[in-house]
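Single-letter residue listing:
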Amino acid sequence: MFGQKKDSIKFSVFILGFSAFITQIILLREFLTVLYGNELVIGVVLSNWMILTATGAFLGKYFKRFSGKKMLIIVSQLLLAFLPMVTTYSIYYLKSSFILPGQMVGLYETIFGSLLILTPFCLLSGFLFIVFCVQLAGLKYSNIIGKTYAIEAFGSVVGGLVFNFILLFLFKTFVNLKIIMLLNLIAATILVFNYKKNLAGFSVLGAGFLMAVFFLIKNFDSAVIQLQYQDKEVLVSENTPYGNLVITKTDNQFNFYENGIPYFSTEDKINVEESVHYAMLQHSDPKNILVVSGGYSGIPAEINKYQVSAIDYVELNPAVINAALQFTSNLSMIPQLNVINRDGRQYIRQTDKKYDVVLLNIPDPVTVELNRYYTVEFFEELKKKMNEYGVVSTYLLNSNNYLTEEAVKTHATLFSTLQLIFQHVILIPGERNYFIASDGQLKRTIVELLELKNLENSYVNEYYLNDELIISRSDFIMNDIRDQVRINYDFQPVSQFLQLKYWLNKIKFINSWPLIFLLLPFIIFIFRANKINLGLFSTGFTATSLEIILIIAFQIIYGNVYQMIGMIITIFMIGLATGANYNFFKIRVDIKIYSLIQYVIGIFSILVSIVLYLVNPKLGSIILIYPIFAVLLFVSGTLTGMQYSFATQLLNQGFLLNASKSYASDLFGSALGALAVAAFLIPALGILKVCLILGIVNFIVGLSILLRK
Amino acid sequence: MVSGKITKRDFLKKASMCIGAAGCGIYSPGIFPNTFTNLIGIGNGHLPEIDLNKWTIEAKYYVPTPKGLKCLLCPNECKIKTDEFGECHTRVNLDNRLYCIAYGNPCAVHIDPIEKKPLFHYLPGSRSYSIATAGCNLACLNCQNWEISQTGPDKTRNHDLMPDKVVEEAIKSDCKSIAYTYSDPVAFYEYAYDTAKIARENGIGNVLVSAGYILEEPLKEWCKYMDAANIDLKSFSNEIYEMLNAGKLEPVLNTLKTLADEGVWLEITNLVIPDWTDDMDMIKKMCNWLVENNFENYPLHFSRFHPLYKLTHLPATPVQVLENARKIAISEGLKFVYIGNVPGLESINTYCPECKTKIIERKGFNILNNKIEDSKCSNCGTFIAGRWK
Ligand code: SF4
């Protein structure tokens, strides 16, 4: 199979795409268990990833200066085997060495820490891509960069599918990384047999295998747990599709961590009681109750104090439910309880049932995904599934002694958004600030309401609460938020943007220079790149932005369905591979065609905004959504791939430089997309406007390609 | 020192122009200077309007040094250059005089049950009029009130509540005391001092809820008007104090001694944070020190940690850990040890240290039963320390 040299290189390129993509998914997941999980942090990590890979590719142009080229390739492939493990381990090692126990990691640490951690792997993988291109070109293989790009994309597609649908479910993180290691070892072996069948080759390979033995026998997964949780008793540590789930036991208390954050501990009576009773007490005869997320903390048992007929509890992650069943009695012994493993929003849209009380236990809207549960569209959908005078409760986590400017705005936004849909909204300040909404009358006199029901509560009772004090604290907040009307929309996630500002304020991120530092490479690039590479940059930027937008839009319109997100990325990559590999119209590429495709990408971006605008209100037509998204993704991937292959045909600066610069340009653009679009532009401007901006950017770039000398 | 010198200067210039302009009620918060932060809009873009005459008072404790004014209020002993602020965000050097800009401008004003402070042996079942301005001389990673403690009064939305008005409001709302709380009263020392003086004249009690990070002389002066204090003894290790709170242990221990010597009713809170302050040997040492220094009659509250501010990656303290700490404290000889932040525990009741009778039965913040008569256990006559009436 690999008898020919070019096949062995092609296999290496495939493995490069395969390992790089899986490593990227794994590292991003691992970063999320130690970092703060908002889009800015994710954007920073992804962007660092791409900038470093681009730099690696750029350095690839110096490849020809090396004397022992073949050896270099083999050693690089071997390093590619081990670096993912070293990189992943170093995330935890550095965190435990430099961050105080339990402390949230700030933005500076995120920016520089991830840069440092990712440097070896990303530089190497970018460098190797170019090296493989050169090697294949040396074998007189035509249109080589486009083809290499396509093979790498194909490797990524396979990697993404294999990881998301198989490996993730079967093995722990480091076992998966060991599989990658073995694949790279195989690739290295094949290279040695094809290129370097001599003593030096075999010695390097032998050393590689020895190292592999060391890596294979060490249990890194438990070492990493040890670094994170030290002497704690860790009962569960599981990679689920929705993130990492860890359960520890400290004395008699079970602590549930999702992505490194302790979401819930047993013995937490205050939050459980508050999240149930403030809303339940408002309804005269609550029978059908819906709990969205968080029910495993003991909410159903509290609800059960009111003779209800049904409690439907929707939780996205089945692993959480299984763990709760295993370690707590919170979900057992309640016959009325019906647990549904679905995306909450999707369930609400599709169910035929109607509810008297809906309890939303959603973390603050720090990401667009969470923001979906705080929008006017969501409350509208929810209201359709509520009986007359039904009551809904949701909350924000701020202190109620004083609200910062951003917190005031977040509260005001939620309040006015609820007010658009429900006739009455009240705010009950507790350990968290609860927002209760209904078309029926609502009261803040909790103690008075308690007197009407005969409940035995440990915290929500007349001993801890006092109506007068509740009202005075509630008024204290209301005075600040009353006059501020802001509405949070699905496609215009105002609350998420406010949360981002709140967080930046919290971590005292008041100096902008690290961000300017981050933007600097882009600015330099834009001014220095030639027109072809500028086109690639713009396309990389657009493609990544559109991919992010389509993932977000899909989650909003359809729901967070793990398999679908995997599919979205895969379809995009298939488009990419297809576009890069084929010249559809069999045309001779010239600069006009190249500029034209830039315009097409621009038009396509605007088209995406129009389609999203049209699809969004027609939520009923779920069946149409799959093909629409599939087509959008495929086309955007294909256009990107095509432009890449056109660019490489147009560039004539000599092969090596050509390959290295075009790959770097594309990645640079993607990096800017990951950072600027997801973290700032979408929350600040909304999805539709961002699509329009993408359109305009491409028109300008298209024009400058035509005009620039 | 706090950065942002230019803004501070701008703010002060602007502020002096605005004398008399800011009316009563709430005024706008300040803004960070930075272009980027303006772009994404942290803060609201207005310069603060502060009436320097009204909400600013010359600091009581400082001396000039060649390196700037040295503040002598708390152990940080900041040396503050012209137009710069001290670490607590409330003290500023203006033309070589040190001013406190936290005076009559609290940003948090609430009425709380006194048990919520927590004070269990001081006017049980009463309400406390609770105020705080922005600013704090420590920087705890787990601060419950970081929104106000880690900033200054020039950046918060404040109320106009001069000392006499505070007392008036406290009386109106049927509060038996005024609590200087939430952030740390050391940061608004002069405001708390003047309010306490008027409150004392009007028969209203004064309660400090503080980390006790203050120098002896100003503290002694404060003690003249303070009736009770709940002091956070955050740990019993200097190293932890430095890493977790940006403070030191010794001054806090000194504060405890001074308060007791000056006759202020004292209760101590110890927050048990997993991985930080949950070492039972350290807790034992702390209790031992308390007993050796005659604090056994002052209540000790062990409080439950919840993930907050920057310590978001730690779970809540297990109740069992708090129970263990309580057992240790009792066996070391402390007479009144309580567990806070956990509803439904028996350990919020007061038991007679001699006959073990439940002399105060509490439920939540309410007193169900009080068997203390003339500061004595009604069953065996043992003296029960506290300010009961
Ligand atoms: S009170 Fe403020 S200015 Fe004075 S020493 Fe302490 S922190 Fe510094």
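Because the structure is a prediction, the values reported are computed rather than measured. (Residues numbered from 1 in each chain as written. Chains lettered and ligands numbered in written order. Predicted model: local features only at pLDDT ≥ 70, side-chain atom pairs only at ≥ 80, totals over all residues. Heavy atoms only, no water.)

Thoughts on the overall build of chain B
Right, so step 1: Within chain B, the regular secondary structure consists of 11 helices and 19 strands.
Right, so step 2: Split into buried and exposed, the 389 residues of chain B put 63% on the buried side.
Right, so step 3: Summarising the internal contacts of chain B: among those between residues at least 6 apart in sequence, 67% fall at separations of at least 24.
Right, so step 4: Of the accessible surface of chain B, which amounts to about 14300 Å², a share of 48% is contributed by carbon and sulfur atoms. (Helix = DSSP H or I, 4+ residues; strand = E, 2+ residues; numbered from the N terminus. Buried < 20%, exposed > 50% of the residue type's maximum accessible area, 1.4 Å probe, protein only. Contact = heavy atoms within 4.5 Å. Areas by Shrake-Rupley, 256 points an atom, 1.4 Å probe, with all protein chains shown as cover.)

Thoughts on the interface of chain A and chain B
Right, so step 1: Taken together, the contact pairs 62 residues of chain A with 61 residues of chain B.
Right, so step 2: Each partner contributes to the roughly 5200 Å² buried at the junction of chain A and chain B, and carbon and sulfur atoms together form 57% of this total.
Right, so step 3: Summed over the shared surface of chain A and chain B, the result is 5 salt bridges.
Right, so step 4: Two residues, Asp-275 of chain B and Lys-232 of chain A, come together in a salt bridge whose shortest N-O distance is 2.6 Å.
Right, so step 5: Elements represented by at least two residues in the side of chain A that touches chain B include exactly helix H1 (5–34), strand S3 (253–258), strand S4 (261–265), helix H9 (269–280), helix H15 (405–421), helix H17 (467–481) and helix H18 (494–506) of chain A.
Right, so step 6: Classifying every residue of the side of chain A that touches chain B by side-chain character gives 25 nonpolar, 21 polar and 16 charged. (Buried area = accessible area lost by both parts, 1.4 Å probe. Salt bridge = Lys/Arg side-chain N within 4 Å of Asp/Glu carboxyl O. Nonpolar A, V, L, I, M, F, W, Y, C, P; charged D, E, K, R; others polar.)

Details of the pairing of strand S10 (residues 205–210) of chain B
All names here are of chain B.
Right, so step 1: Within S10, 6 of the 6 residues are buried, which leaves it mostly tucked inside the rest of the structure.
Right, so step 2: With burial as the criterion, each face of S10 is covered, one bearing Gly-205, Val-207 and Val-209 and the other bearing Asn-206, Leu-208 and Ser-210.
Right, so step 3: As paired strands, strand S9 (residues 177–180) and S10 are joined by 4 bridges and run parallel to one another. When the sheet's bridge partners are listed, Ala-179 is paired in S10 with Val-207.
Right, so step 4: This β-α-β element, S9 to helix H6 (residues 189–201) to S10, shows right-handed connectivity.
Right, so step 5: On the question of chirality, the crossover connecting S10 to the parallel strand S11 (residues 228–232) by way of helix H7 (residues 216–223) is right-handed. (Pairing = 2+ DSSP bridges. Right-handed = clockwise from strand over helix to strand, strands pointing away.)

Quick look at helix H8 (residues 238–245) of chain B
All names here are of chain B.
Right, so step 1: For H8, the full list of buried residues reads Ile-240, Tyr-241, Leu-244 and Asn-245. Down the axis of H8, the buried side of the element spans an arc of 105°, and every buried residue falls inside it.
Right, so step 2: Buried-residue contacts for H8 involve S11, helix H9 (249–261) and helix H10 (280–292).
Right, so step 3: Between the side-chain oxygen at the start of H8 and the backbone nitrogen of Glu-239 there is a gap of 3.3 Å, and the oxygen is on Ser-237.
Right, so step 4: In the segment just after H8, Ala-246 is the residue with positive phi, at about 60°. (Arc of directions from axis to C-beta. Polar contact = N/O pair within 3.5 Å; in protein donor to acceptor, adjacent residues only side chain to side chain.)

What about the site of the ligand?
All names here are of chain B.
Right, so step 1: Taken together, Cys-71, Leu-73, Cys-74, Asn-76, Glu-77, Cys-78, Ile-80, Gly-86, Glu-87, Cys-88, Arg-91 and Asn-137 make up all the residues around the ligand.
Right, so step 2: Put simply, the ligand lies in the second largest cavity.
Right, so step 3: Here the shell around the ligand is composed, by residue class, of 6 nonpolar, 3 polar and 3 charged. (Near = heavy atom within 4 Å. 1 Å grid on protein atoms, 1.4 Å probe; cavity = no way out; pocket = protein on both sides within 12 Å on 5 of 7 lines; lining within 4 Å. Sits in = over half its atoms within 2 Å of the grid points.)

Section: the domain arrangement of chain B
Residue and element names in this part refer to chain B.
Right, so step 1: As assigned here, chain B comprises domain 1 (2–100) and domain 2 (108–377).
Right, so step 2: Contacts between the two partners involve 32 residues from domain 1, matched on the other side by 32 residues from domain 2.
Right, so step 3: For the pair domain 1 and domain 2, the summed buried area comes to about 2500 Å², and 60% of that belongs to carbon and sulfur atoms.
Right, so step 4: For the pair domain 1 and domain 2, the number of links is 2 salt bridges.
Right, so step 5: One salt bridge in this structure joins Glu-190 and Arg-91, with 2.9 Å as the shortest N-O distance.
Right, so step 6: Inspection of the region where domain 1 meets domain 2 yields 9 residue pairs in polar contact (both at pLDDT 80 or more).
Right, so step 7: Elements that contribute at least two residues to the side of domain 1 that touches domain 2 include exactly helix H1 (5–17), helix H3 (52–55) and strand S1 (57–58). (Domains from an automatic or database assignment.)

Brief notes about empty space enclosed by the protein
Residues and elements named next belong to chain B.
Right, so step 1: Summed over all chains, the structure comprises 8 cavities of 30 Å³ or more.
Right, so step 2: The volume enclosed by the second largest cavity comes to roughly 100 Å³.
Right, so step 3: Lining the second largest cavity are 14 residues, and of these Cys-71, Cys-74, Cys-88, Arg-91 and Asn-137 lie nearest its centre.
Right, so step 4: By residue class, the composition of the lining of the second largest cavity is 8 nonpolar, 3 polar and 3 charged. (Points joined across faces, edges and corners; volume = space filled by probe spheres on them.)

A word on helix H25 (residues 687–707) of chain A
Right, so step 1: Over its 21 residues, H25 of chain A extends 30 Å from the first C-alpha to the last, a length consistent with the 30 Å expected when each residue adds 1.5 Å.
Right, so step 2: Every buried residue of H25 of chain A is accounted for by Ile-687, Val-690, Cys-691, Leu-694, Gly-695, Asn-698, Val-701, Gly-702, Ser-704 and Ile-705 of chain A. (Expected span 1.5 Å × (residues − 1).)

Some remarks on unusual backbone geometry
Right, so step 1: Each neighbour pair has its own omega, and for Lys-117 of chain B with Pro-118 of chain B the value is -5°, a cis peptide bond.
Right, so step 2: When you line up the elements, Pro-118 of chain B lands in the loop between strand S7 (108–113) and strand S8 (127–132).
Right, so step 3: Even without being a glycine, Glu-267 of chain A presents a positive backbone phi close to 75°.
Right, so step 4: Looking at the element boundaries, Glu-267 of chain A is found in the loop between S4 and H9.
Right, so step 5: For Glu-267 of chain A, a relative accessible area of 31% gives the class partly exposed.
Right, so step 6: If you check the backbone angles, Ser-293 of chain A has positive phi at about 70° while not being a glycine.
Right, so step 7: Summarising the element assignment, Ser-293 of chain A is placed in the loop between strand S5 (288–292) and helix H10 (299–303).

Topic: the packing of aromatic side chains
Right, so step 1: A complete count under the given rule lists 40 aromatic pairs over all chains for this structure.
Right, so step 2: For the ring pair Tyr-502 of chain A and Trp-146 of chain B, a centre distance of 5.4 Å and an interplane angle of 55° mean the geometry is tilted. A residue pair is termed interchain when its members come from two chains, as with Tyr-502 of chain A in helix H18 and Trp-146 of chain B in helix H4 (residues 146–149).
Right, so step 3: Tyr-502 of chain A sits in the buried class, given a relative accessible area of 10%.
Right, so step 4: Aromatic pair Phe-295 of chain B and Tyr-298 of chain B: ring centres 5.8 Å apart, planes at 50°, arrangement tilted.
Right, so step 5: Judged by relative accessible area, Phe-295 of chain B falls into the buried class, the value being 1%.
Right, so step 6: What makes Tyr-298 of chain B buried here is its relative accessible area of 15%.
Right, so step 7: Members of the aromatic cluster, each reached through a chain of ring pairs, are Phe-82, Tyr-89, Tyr-93, Phe-174, Phe-214, Phe-215 and Phe-220 of chain A.
Right, so step 8: Looking at Lys-218 of chain A, its charged tip hangs above the ring of Phe-220 of chain A, at a distance of 5.9 Å from the centre.
Right, so step 9: Over the ring of Tyr-395 of chain A we find Arg-432 of chain A; its NZ or CZ atom is 4.2 Å from the centre of that ring. (Phe/Tyr/Trp six-rings, centres within 6.5 Å; stacked < 30°, edge-to-face > 60°. Lys NZ or Arg CZ within 6 Å of the ring centre and 35° of its normal.)

Points about the environment of Ser-130 of chain B
Residue and element names in this part refer to chain B.
Right, so step 1: Following the sequence through the fold, Ser-130 ends up in strand S8.
Right, so step 2: Along the sequence, Ser-130 and Gly-333 sit 203 residues apart, while their C-alpha atoms lie 32 Å from each other.
Right, so step 3: Residues contacting Ser-130, with those up to four places away along its chain left out, are Ala-108, Val-109, His-110, Asp-112, Lys-117, Ala-179, Thr-181 and Tyr-182.
Right, so step 4: Looking at Ser-130, its side chain comes within polar contact range of the side chain of Lys-117, at 3.0 Å.
Right, so step 5: Polar contacts involving the side chain of Ser-130 include one to the main-chain carbonyl oxygen of Ser-128, which spans 3.1 Å.

Focus: the sheet that holds strand S16 (residues 358–363) of chain B
All names here are of chain B.
Right, so step 1: If you trace the 3 strands from one edge of the open sheet to the other, you get S15-S16-S17, paired in antiparallel fashion. Both outer strands of the open sheet, strand S15 (350–351) and strand S17 (366–370), are each paired with one neighbouring strand and no more.
Right, so step 2: By the bridge criterion, 4 bridges tie S16 to S17 in an arrangement that is antiparallel. Note that in S17 the partner of Lys-363 across the bridge is Asn-366.

Remarks on the pattern of salt bridges
Right, so step 1: A complete count under the given rule lists 31 salt bridges over all chains for this structure.
Right, so step 2: Here Lys-353 of chain A and Asp-312 of chain A are joined by a salt bridge, their closest N and O atoms 2.7 Å apart. Within this pair, whereas Lys-353 of chain A is found in the loop between helix H12 (344–350) and strand S8 (355–360), its partner Asp-312 of chain A is found in strand S6 (residues 310–314), the two being separated by 41 residues in sequence.
Right, so step 3: Lys-353 of chain A gets classed as partly exposed once you look at its relative accessible area, which sits at 37%.
Right, so step 4: For the salt bridge of Glu-346 of chain B with Lys-358 of chain B, the shortest nitrogen-to-oxygen distance reads 3.6 Å. Taken together, the residues Glu-346 of chain B in the loop between strand S14 (337–340) and S15 and Lys-358 of chain B in strand S16 connect sequence positions 12 residues apart.
Right, so step 5: Through salt bridges with shared partners, a single network forms among Arg-345, Arg-349, Glu-381 and Asp-490 of chain A.

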